[in-house]
Amino acid sequence: MTTLTLYYTPGTCAQAVRIALEEAGAAYNLERVDFAAGQQRTPEYLAVNPKGRVPALATPQGTLTETPALLAFVAQSFPAARLAPADAHGFARLQEFHSYLASTVHIAHAHRPRASRWADEPEAQAAMQRKVPQNMTECFQLIESHYLGDGPWVMGEQYTVADGYLFTIGTWLHSDGVDIAQFPKVFAHTQRMLQRPAVQRALA
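Residues numbered from 1 in each chain as written. Predicted model: local features only at pLDDT ≥ 70, side-chain atom pairs only at ≥ 80, totals over all residues. Heavy atoms only, no water.

1. Looking at helix H7 (residues 184-194)
Inference 1: Here H7 has its buried residues at Val 186, His 189, Thr 190 and Met 193. Buried residues in H7, looked at end-on, bunch into an arc of 100°, giving them a common side.
Inference 2: Of the surrounding elements, those touching the buried residues of H7 are helix H5 (122-147), helix H6 (161-170) and helix H8 (197-203). (Buried < 20%, exposed > 50% of the residue type's maximum accessible area, 1.4 Å probe, protein only. Helix = DSSP H or I, 4+ residues; strand = E, 2+ residues; numbered from the N terminus. Arc of directions from axis to C-beta. Contact = heavy atoms within 4.5 Å.)

Shown next, in the form of structure tokens:
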């Protein structure tokens, strides 16, 4: 019986959670939230997630929000899928990477499509948007040099929920005016991700 429902919008970081659910072999329902129609601000959706954002994951214990929390939940709910390191240090490193994507990289990207969150004046918004390519380039330079080692995945030899998260945010680079090919490890990681059946199902 399906007990999980993922509230998502195409092109958002909810895709990372959908990939994780597919990798875990979880049974889940999908509920699309239409941002263009303002569905995220309706009373019905605000009852699900008062933040008016995606993703949200309805579980038997209650609804969870924030991508890093959802990814940790999926990994720990389906331990047989081995989607997170089992040791404390490895799990902390996973959470470190997720925190960087959520608190720094995602925000750097959001200054382009969501500049109105930070400033009302058009000239201030435009200034922030002009800075996005530089900021995203610097973020991915750090990921390339510090977080991606010699292994095929973010955590080395073990595929984890971090890989779907990196893949998802990497797909935003083109719209941010950044060529992903300048980051050879990130680019190769993206190509490996596209070959995974779970990723193909999530993208479909």
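2. Some points on the packing of helix H1 (residues 14-24) against helix H3 (residues 67-77)
Inference 1: Put simply, H1 and H3 touch, their axes get as near as 10 Å, and they point 0° apart. When the interaxial angle is binned, H1 and H3 end up roughly parallel. Contact with H1, carried on its side by Ala 16, Val 17, Ala 20, Leu 21 and Ala 24, involves Thr 67, Leu 70, Leu 71 and Val 74 of H3 and no other residues of that element. (Axes fitted to C-alpha atoms, helices over the stretch in contact; angles between N-to-C directions. Parallel < 35°, antiparallel > 145°, perpendicular 65-115°, else oblique.)

3. Remarks on the environment of Leu 194
Inference 1: Along the chain, Leu 194 falls in helix H7.
Inference 2: The class of Leu 194 is partly exposed, set by a relative accessible area of 32%.
Inference 3: For Leu 194 and Leu 30, which are 164 residues apart along the polypeptide, the C-alpha to C-alpha distance reads 21 Å.
Inference 4: If near-sequence neighbours (up to four positions away) are discounted, Leu 194 is found in contact with Phe 167, Gln 200 and Leu 203.

4. Focus: the pairing of strand S3 (residues 56-59)
Inference 1: Burial along S3 is two-sided: Ala 56 and Ala 58 and Leu 57 and Thr 59, pointing in opposite directions, are all buried.
Inference 2: Across 3 bridges, strand S1 (residues 4-8) lies against S3 in antiparallel orientation. Bridge pairing in S3 links Thr 5 to Ala 58.
Inference 3: Examined bridge by bridge, S3 and strand S4 (residues 62-65) share 4 bridges and lie antiparallel to one another. Its bridge partner lying in S4, Leu 57 is registered against Leu 64.
Inference 4: Linking S3 back to S4 in an antiparallel pair, the connection comprises 2 residues. (Pairing = 2+ DSSP bridges.)

All we've got here are geometric facts, nothing functional implied.
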